[in-house]
Amino acid sequence: MEIIKVISLLLDYPERQLVEARVELDDAIEQCFFISPQQRQSLHDLLQHIAGQELLDAQSLYLSLFNRGRHLSLLMFEHVHGESRDRGQAMVNLLAEYEQAGFDIAVKELPDYIPLYLEYLASRDQLTARTGLADIQHLLALLGARLEESNSPYAACFHVLLQLAGVDPAEQISQARQQVAEDPVDDSLEALDAEWEEEAVTFMQGDGQASCGVLPSTGNHRPREEVAVPIHWVDFTDASNAAGKL
């Protein structure tokens, strides 16, 4: 599902490879007729927003948006479980799902990192991918509403993901706005320091031989330094991937 992969790349930390693949990504967006013209345009605008400025500026803006506490964290289970041990077990279960599907995590990223989860869904068949999005539709709506509140062009990604999940994006985000209005937001330095000091969660319920510390939310959005971003996971120019495919 090409469009899910594109969104995965747009939501990830901006890298040079994204800028260099701008034309390919624009073409992939334009060829996706499973979303509305308005949504395609909003993704084009987001790509322009990221790639149309100096890379360091794009990276700085990304970190200031997604690295300021839990409010816009791109770690799924952080919103559901916080720093409880349930979060560690949930990540173990998600890793098992990846392994069962033959999805190899080639980078040192937490399994519930949304761009990584989207990359996984993009590798699956259409029904599995849509079901995977539907499973997290409430979180997608919440993040979409919060990004809209911040007037961020990144909100476009969540509108598209909700439509691909088979729900009405406007309705879902509208329902999430009440929670957004009631959410206390504290992105002060003191609040961020407090998050760093919270107890880490370990996988496998503390088994020292099969554990992985969960980093605080302020440190999980980072460049994928281990490998290059896999822009060419699929040949967007291949005729077999022409209009009509996701």
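The structure displayed is predicted, hence computed values, not measured ones.

A. Broad picture of the overall build of the protein. Along the backbone of the protein there are 13 helices and 0 strands. Along the protein, helices and strands appear, N-terminal first, in the series α-α-α-α-α-α-α-α-α-α-α-α-α. Burial analysis of the protein (246 residues in total) assigns 49% to the buried set. For the protein, the proportion of contacts with a sequence separation of at least 24, taken over those separated by at least 6, is 71%. Summed over its atoms, the accessible surface of the protein is roughly 11600 Å², and 49% of this surface lies on carbon and sulfur atoms.

B. Fine view of unusual backbone geometry. The backbone phi angle of asparagine 151 is positive, close to 55°, even though this residue is not glycine. Note that asparagine 151 resides in the loop between helix 10 (137-149) and helix 11 (155-164).

C. Fine view of the environment of serine 36. With respect to the helices, strands and loops of the structure, serine 36 is situated in the loop between helix 3 (22-30) and helix 4 (37-51). Given a relative accessible area of 23%, serine 36 falls into the partly exposed group. It is 8.7 Å that separates the C-alpha atoms of serine 36 and valine 160, two residues lying 124 residues apart in sequence.

D. Molecular detail of helix 10. Its 13 residues place the ends of helix 10 18 Å apart at the C-alpha level, agreeing with the 18 Å of an ideal helix rising 1.5 Å per residue. Gln137, Leu139, Leu140, Ala141, Leu142, Leu143, Gly144, Ala145, Arg146 and Leu147 are the residues of helix 10 that are buried. Asparagine 151, located one to two residues past helix 10, shows a positive phi value of around 55°.

E. Structural context of the packing of helix 8 (residues 114-122) against helix 9 (residues 126-135). Contact pair helix 8 / helix 9: the axes reach a minimum separation of 8 Å and the direction vectors enclose 150°. Considering the angle they form, helix 8 stands roughly antiparallel to helix 9. In this structure, helix 8 uses Tyr117, Leu118 and Leu121 to contact helix 9, whose residues at the interface are Thr128, Ala129, Gly132 and Leu133. In terms of residue class, the contact of helix 8 with helix 9 is made up of 5 nonpolar, 2 polar and no charged.

F. Inspection of the nonpolar core at higher detail. Grouped together as the largest cluster of nonpolar side chains are 67 residues, with contacts concentrated most on Ile4 and Leu43. Not counting residues up to four positions away in its chain, the partners in contact with isoleucine 4 are Leu118, Leu121, Ala122, Ala129, Leu133 and Leu164.

G. Focus on the pattern of salt bridges. For the coordinates displayed, the defined rule picks out 2 salt bridges. Glutamate 119 serves as the salt-bridge partner of lysine 5, at 3.5 Å between the closest nitrogen and oxygen. Linking lysine 5 in helix 1 (residues 2-11) with glutamate 119 in helix 8, this pair joins segments that are 114 residues apart in sequence. In this pair, the class of lysine 5 matches that of glutamate 119, namely buried. The closest approach of N and O atoms between arginine 177 and glutamate 148, which form a salt bridge, is 2.7 Å. Of this pair, arginine 177 sits in helix 12 (residues 169-182) while glutamate 148 sits in helix 10, placing them 29 residues apart in sequence. Classification of glutamate 148 as partly exposed rests on a relative accessible area of 24%.

H. Layout of helix 8. Most of helix 8 is tucked away: 9 of the 9 residues are buried. Along helix 8, the residues that are buried comprise Ile114, Pro115, Leu116, Tyr117, Leu118, Glu119, Tyr120, Leu121 and Ala122.

I. Quick look at the packing of helix 11 against helix 12. Where helix 11 meets helix 12, the axes come as close as 9 Å, and the angle between the chain directions of the two elements is 115°. At the point where helix 11 passes helix 12, the crossing takes the right-handed sense. Of the residues in helix 12, those touching helix 11 at His159, Leu162 and Gln163 are Pro169, Gln172 and Ile173.

J. Local environment of the packing of aromatic side chains. Within this structure, the stated rule accounts for 8 aromatic pairs. Ring centres of tyrosine 62 and tyrosine 154 lie 6.1 Å apart, and the angle between their planes is 70°; this geometry places the pair in the edge-to-face category. With tyrosine 62 in helix 5 (residues 55-66) and tyrosine 154 in the loop between helix 10 and helix 11, the pair connects residues that are 92 residues apart, well separated along the chain. What makes tyrosine 62 buried here is its relative accessible area of 1%. We classify tyrosine 154 as buried; its relative accessible area is 4%. Members of the aromatic cluster, joined through ring pairs, are Tyr13, Tyr62, Phe66 and Tyr154.

The rules behind these values
- Residues numbered from 1 in each chain as written.
- Predicted model: local features only at pLDDT ≥ 70, side-chain atom pairs only at ≥ 80, totals over all residues.
- Heavy atoms only, no water.
- Helix = DSSP H or I, 4+ residues; strand = E, 2+ residues; numbered from the N terminus.
- Buried < 20%, exposed > 50% of the residue type's maximum accessible area, 1.4 Å probe, protein only.
- Contact = heavy atoms within 4.5 Å.
- Areas by Shrake-Rupley, 256 points an atom, 1.4 Å probe, with all protein chains shown as cover.
- Expected span 1.5 Å × (residues − 1).
- Axes fitted to C-alpha atoms, helices over the stretch in contact; angles between N-to-C directions.
- Parallel < 35°, antiparallel > 145°, perpendicular 65-115°, else oblique.
- Nonpolar A, V, L, I, M, F, W, Y, C, P; charged D, E, K, R; others polar.
- Core = buried A, V, L, I, M, F, W, Y, C linked by side-chain atoms within 4.5 Å.
- Salt bridge = Lys/Arg side-chain N within 4 Å of Asp/Glu carboxyl O.
- Left-handed = near helix turned anticlockwise from the far one by under 90°.
- Phe/Tyr/Trp six-rings, centres within 6.5 Å; stacked < 30°, edge-to-face > 60°.

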